[in-house]
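# Analysis of the macromolecular model
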Amino acid sequence: MTTPLPPKPTPRGEERVYFDAAAENRLTYQTCDTCGSTVFYLRDVCPHCGGESLRLRDSAGVGKVYSYTVQNRASHPYFADRTPMTLALVDLEEGFRLLADLTGADDVEVGMPVEVVFRELDEDVTLPHFRPRGREEEPK
Amino acid sequence: MTIRGKTAIVGIAEVDTFETRGRSPAGLAAAASKRALADAGLELSDVDGLFTTSSYYSMPTLTMSEYLGIKPRYTDSTALGGCSFIAHLGHAAAAIEAGLCDVALVCYGSTQRSDRGKLVSNAEWLAYEQPYGLLHPVGSFGLIANRHMAQFGTTSEQLAQVAVAAREWALLNPAAPYPKPLTVDDVLESTPIASPLHKLDCCLVTDGGAAAVLTSAARAQDLAKPPVYLLGTGEASNHRNVSQMPDLTATEATHSAERAMQMAGVTHADIDTAHVYDAFTISLLILLEDLGFCPKGEGGAFVADGNIAPGGSLALNTNGGGLSYTHPGMLGMFLITEAVRQLRGEAGVRQKPGAAVSLVHGMGLTLAAHATAVLGISP
Ligand SMILES: [Zn+2]
């Protein structure tokens, strides 16, 4: 039996900058030099003011669960033996929101403090994930 | 200048709203189109404006022109997901009023049920969502539902009441597929899909075709059925992906509805029936709040009090909706057809007596796009 390959991003443009940084275990976002807004995902034009001077920043990777869902059904064969799996929208302290999976928590709730942990999907792609803040478990 | 009351829906039709065999999405749309024109007393050769969208065909107005053998002089394939067809009503009215076309056909077809498991979506790759296995769209609505619960104390039992009310309406619709009642326990005991949502918190997966025909209010006087006037329309949208939705429990429906009701010159007290996109129990609940049928955060109590079931204060989704009647990928056309039936007095045992004004509201994707229409029997 062959293990299904994971669904993999094929980054284009600014997405490439984000995923290249993730490969270096950096979670990146931007701030706008013109209006000061925090911007995520990475863009060429600020969605708040239209400014084109956007500064790449590294997040500390610390935030709180804005919402979550425990999925019992897999969206792709790769996830079939990974369900139930918890996906969360996390509000990072720098003021942006990221969707990722949350591991090592059976007691997830809105507001729970979490932190980012990076894991190689394969030799090309590294993805940020979240775990409850201060817990040591590695994501499965 | 306004398009209020300048155009009317003069023909509607639905075909194969549960399952079909051997018919393509274009074939279903074509069959519905032919019947909607016949309903109006018009012919395919009368159509000079074509409005459609599709997740099957990348240039759907070209596909449908060829399939139907028509040569429209105005086409619009605005793609806003399931609410597209409600937006098309406004676009068609503007085009008719501007003299760009005279008879506008809005149509849709899907073989979502027959294709199940075989259909490859043509949706674009979402770099920030798909690597994590987010199940579209139910995973997104799970995120939305848990946020609504945390913020407002909404319960799974209250969400289940939405599905139960939809089934009660569906029991009055001879075309609905499941002629047996549903209980709150049935919903809560159905398969968990993406917490807090269960299988029965989700819409049906069906095939289906539907169409509507619009023309000027003047021309509508001479056709086969009583005109249903387009009194107001509004659109609003703000995101594509759920991870970019600014607030999971507040949507742009507020603005599309305000625009449509202001154009129509109606208030909530004037609305006899409402037809609101119910892809999931939580999506309907949030839309009821944002459309102003109850205050923000009180959707759970509003549905639990029986307001949306037959006999309640709001005649909502009287055909059984996406949750219990039909949901062939996009629901918008089927909200329009039921509103027109109600306003013509053709809704059988589920008829709201004396219905004169109906509100139709659709959403696209995960509460991302919104289109509202107000329809009425007087211009
Ligand atoms: Zn800016």
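Everything here concerns the structure above.
Keep in mind it's a predicted model, so treat the numbers as computed, not measured.

Definitions and limits used
- Residues numbered from 1 in each chain as written.
- Chains lettered and ligands numbered in written order.
- Predicted model: local features only at pLDDT ≥ 70, side-chain atom pairs only at ≥ 80, totals over all residues.
- Heavy atoms only, no water.
- Contact = heavy atoms within 4.5 Å.
- Buried area = accessible area lost by both parts, 1.4 Å probe.
- Salt bridge = Lys/Arg side-chain N within 4 Å of Asp/Glu carboxyl O.
- Polar contact = N/O pair within 3.5 Å; in protein donor to acceptor, adjacent residues only side chain to side chain.
- Donors = N, O, S within 2.8 Å, 3.2 Å for Na, K, Ca; no water.
- Tetrahedral: all angles 85-135°; square planar, octahedral: opposite > 155°, others 65-115°.
- Helix = DSSP H or I, 4+ residues; strand = E, 2+ residues; numbered from the N terminus.
- Buried < 20%, exposed > 50% of the residue type's maximum accessible area, 1.4 Å probe, protein only.
- Arc of directions from axis to C-beta.
- Expected span 1.5 Å × (residues − 1).
- Axes fitted to C-alpha atoms, helices over the stretch in contact; angles between N-to-C directions.
- Nonpolar A, V, L, I, M, F, W, Y, C, P; charged D, E, K, R; others polar.
- Pairing = 2+ DSSP bridges.

On to the interface of chain B and chain A. It is common to give the size of an interface as the accessible area that goes away when the parts come together. In this complex, chain B contributes 28 residues to the contact, which on the side of chain A involves 34 residues. Taken together, both faces of the contact between chain B and chain A bury some 2,800 Å²; the carbon and sulfur share is 59%. Our count for the contact surface shared by chain B and chain A stands at zero salt bridges. Seen at the junction of chain B and chain A, the total is 16 residue pairs in polar contact (both at pLDDT 80 or more).

Another point: the coordination of the zinc ion. Residue and element names in this part refer to chain A. In this structure, Cys32 (SG), Cys35 (SG), Cys46 (SG) and Cys49 (SG) serve as the protein donors to the zinc ion, at separations of 2.3 Å. One can describe the donor arrangement at the zinc ion as tetrahedral, given that its four donor atoms subtend angles of 103 to 114° at the metal. In primary-sequence terms, the residues that donate to the zinc ion follow C-x2-C-x10-C-x2-C. Taken together, the residues Cys32 in strand E1 (residues 28-32) and Cys46 in the loop between strand E2 (38-39) and strand E3 (54-58) connect sequence positions 14 residues apart. Classification of Cys32 as buried rests on a relative accessible area of 4%.

Bringing helix H2 (residues 60-68) of chain B into the picture now. Residues and elements named next belong to chain B. Within the span of H2, buried status applies to Pro60, Thr61, Met64, Ser65 and Leu68. All buried residues of H2 lie within an arc of 135° about the axis, which places them on one face of the element. More than 90 degrees from the buried face of H2, the exposed residues found are Leu62 and Glu66. Next to the buried residues of H2 lie helix H1 (25-40), strand E2 (49-52), strand E3 (74-76) and strand E4 (103-110). Backbone geometry just after H2 places Gly69 at a positive phi near 70°.

It is worth spelling out H1 of chain B at this point. All names here are of chain B. For H1, spanning 16 residues, the distance from its first C-alpha to its last is 23 Å, which sits close to the expected 22 Å at 1.5 Å a residue. The buried count for H1 comes to 13 of 16 residues, which makes it a mostly enclosed element. Just downstream of H1 lies Gly41, where phi reads positive at about 80°.

The next thing to look at is unusual backbone geometry. With an omega dihedral of -5°, the bond running from Thr83 of chain A to Pro84 of chain A counts as a cis peptide bond. Between Ser195 of chain B and the following residue, Pro196 of chain B, the backbone shows a cis peptide bond with an omega angle of 0°. You can see Pro196 of chain B is positioned in the loop between strand E5 (192-194) and strand E6 (197-198). Positive phi is not limited to glycine here, since Asp16 of chain B has a value of about 45°. Position of Asp16 of chain B relative to the elements: it lies in the loop between strand E1 (7-15) and H1. Here the phi dihedral of Asn317 of chain B falls at roughly 50°; this positive angle occurs in a residue that is not glycine. You can call Asn317 of chain B buried: its relative accessible area is 5%.

With that settled, the discussion passes to the pattern of salt bridges. Residue and element names in this part refer to chain A. Summed over the entire model, instances satisfying the criterion amount to 25 salt bridges over all chains. Here Asp122 makes a salt bridge to Lys8, at a shortest N to O gap of 3.0 Å. Taken together, the residues span a long stretch of sequence, with Asp122 in the loop between strand E7 (113-120) and strand E8 (126-132) and Lys8 in the segment before helix H1 (14-23) at a distance of 114 residues. Relative accessible area serves as the criterion here: at 24%, Asp122 is assigned to the partly exposed category.

Here we come to the environment of Ile308 of chain B. Residue and element names in this part refer to chain B. Within the fold, Ile308 resides in the loop between helix H10 (299-304) and strand E10 (315-316). As for Ile308 and Ala274, which are separated by 34 residues in sequence, their C-alpha atoms are 9.7 Å apart. Setting aside chain neighbours within four positions, we find Ile308 in contact with Val162, Ala165, Trp169, Leu284, Leu288, Phe302, Val303, Leu314 and Leu316.

Residue and element names in this part refer to chain B. As for its placement among the helices and strands, Thr52 is situated in strand E2. Judged by its relative accessible area of 3%, Thr52 is buried. Side-chain polar atoms of Thr52 contact the backbone oxygen of Cys107, separated by 2.6 Å. Filtering out sequence-adjacent residues up to four positions away, Thr52 remains in contact with Pro60, Thr61, Met64, Asp76, Ser77, Phe85, His88, Cys107 and Tyr108.

All names here are of chain B. Here helix H3 (residues 84-97) crosses helix H12 (residues 332-344) at 60°, and the two axes come no closer than 6 Å. Across from Phe85, Ile86 and Leu89 in H3, the residues of H12 making contact are Gly332, Met333, Leu335 and Ile336. In terms of residue class, the contact of H3 with H12 is made up of six nonpolar, one polar and no charged.

Residues and elements named next belong to chain A. What the three strands build is an open sheet, ordered E2-E1-E3; its pairing is antiparallel. The open sheet is flanked by E2 and E3, the only strands paired with a single partner. Sheet topology note: the E1/E2 ladder contains two bridges and is antiparallel. By the bridge assignment, Thr31 is partnered in E2 with Thr38.

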